[in-house]
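Read off the chains here:
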Amino acid sequence: MVRRGGRRTRLPNSCGPSPTPSPFARHRQAKECIAIVLDVSDAFKPHLDDALQAVRSLVNSKILFHGKDAIGIFAHGTELTENALAQTDEHEGQYQHVSEIHCLGPVSHKTLGALDRVAGLATAEADLIDSLTLAVHAVIQHTGKLKWQKRVLVLTDGTSPAQ
């Protein structure tokens, strides 16, 4: 403390500037919503095990540390077509060969169980843009106007057509 003109004033901290948060400290302000598009086509089969292991690692860390986050898994290039947009009359004939393996929702052990079913899926050629559109649509439908962090992860080798 220093006296200046009869008043006591505090000196600034002489140890340097105020501490800044570490860039490695993760400050979570909102829940996170992740849609994962996983390529299961024949061209990506050699890499599928590595991709599944990476997704399992992500899901495990979400289960342990961020259980309220939401994850959905879409399989790109499946023989079957199981998704919400392909079943509507408005989009008939579109969004083919894309399956929603795990509906977008809170992450749980059911998410890990859904990943086990991916490796045995029969394959067909699909449009990558359709898969991305489905993933973005699911994220928007799930989050609405809520302040979630929104992400779409695409695991592919890039050989699928995008029209």
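Structure shown above.
The rules behind the values
- Residues numbered from 1 in each chain as written.
- Predicted model: local features only at pLDDT ≥ 70, side-chain atom pairs only at ≥ 80, totals over all residues.
- Heavy atoms only, no water.
- Helix = DSSP H or I, 4+ residues; strand = E, 2+ residues; numbered from the N terminus.
- Buried < 20%, exposed > 50% of the residue type's maximum accessible area, 1.4 Å probe, protein only.
- Contact = heavy atoms within 4.5 Å.
- Pairing = 2+ DSSP bridges.
- Axes fitted to C-alpha atoms, helices over the stretch in contact; angles between N-to-C directions.
- Expected span 1.5 Å × (residues − 1).
- Arc of directions from axis to C-beta.
- Polar contact = N/O pair within 3.5 Å; in protein donor to acceptor, adjacent residues only side chain to side chain.
- Core = buried A, V, L, I, M, F, W, Y, C linked by side-chain atoms within 4.5 Å.

Draft legend 1. Region of interest: the overall build of the protein. Assigned secondary structure in the protein consists of three helices and six strands. Tracing the protein from N to C terminus, the helices and strands come up as β-β-β-α-β-β-α-α-β. A total of 163 residues make up the protein; the buried ones form 36% of that total. Within the protein, counting contacts between residues at least 6 apart in sequence, those at least 24 apart form 75% of the total.

Draft legend 2. Up close: the sheet that holds strand β3 (residues 32–39). The four strands lie next to each other as β5-β4-β3-β6, forming an open sheet whose pairing is mixed. Each of the sheet's edge strands pairs with one partner strand only, and the pair in question is β5 (98–106) and β6 (149–155). Across this sheet, the average inter-strand angle for adjacent strands is 10 degrees, counted without regard to direction. Two strands pair when backbone bridges link them, and β3 and strand β4 (residues 70–76) are joined in this way by seven bridges, in the parallel orientation. Considered in β4, the bridge of A35 is made with G72. Of the strands in this sheet, β3, β4 and β6 are in contact with helix α1 (residues 45–65), which crosses β3 at around 165 degrees. Contacts from helix α2 (residues 109–116) reach β4 and β5 within the one sheet, and its direction differs from that of β5 by about 170 degrees.

Draft legend 3. Fine view of α1. Counted at 1.5 Å a residue, the expected span for α1 with its 21 residues is 30 Å, and the 31 Å between its end C-alpha atoms agrees. Residues of α1 that are buried include every one of L48, A51, L52, V55, V59 and K62, and no others. The buried side chains of α1 occupy one side of the element, clustering within an arc of 105 degrees when seen end-on. Seen from the open side of α1, the exposed residues pointing more than 90 degrees away from its buried face are P46, D49, D50, L64 and F65.

Draft legend 4. Looking closely at helix α3 (residues 128–143). In this model α3 runs 23 Å from its N-terminal to its C-terminal C-alpha over 16 residues, within 8% of the 22 Å that 1.5 Å per residue would give. Residues of α3 that are buried: L128, D130, S131, L134, A135, A138, V139 and T143. The inward-facing, buried residues of α3 contact β3, β4, β5 and β6. Taking the backbone nitrogen of I129 as reference, a side-chain oxygen 3.4 Å away marks D127 as the first, capping residue of α3. In the segment just after α3, G144 is the residue with positive phi, at about 60 degrees.

Draft legend 5. Structural detail: the nonpolar core. Residues V59, I71 and L115 are the most contacted members of the largest nonpolar core, which totals 19 residues. Counting residues per element, this core draws most heavily on α1, which supplies five residues. Those residues in contact with V59, other than ones at most four positions away along the chain, are I71, V107, S108, T111, L112 and L115. In this structure, L85, Y95, V139 and W148 belong to the second largest nonpolar core, which totals 15 residues.

Draft legend 6. Up close: unusual backbone geometry. The phi angle at Y95 is positive, at roughly 60 degrees, despite the residue not being glycine. Within the secondary structure, Y95 sits in the loop between β4 and β5. The exposure class of Y95 is buried, given its relative accessible area of 10%. Backbone geometry places H97, a non-glycine residue, at a positive phi of 65 degrees. Of note, H97 is situated in the loop between β4 and β5.

Treat this as a map of the structure, not an account of what it does.
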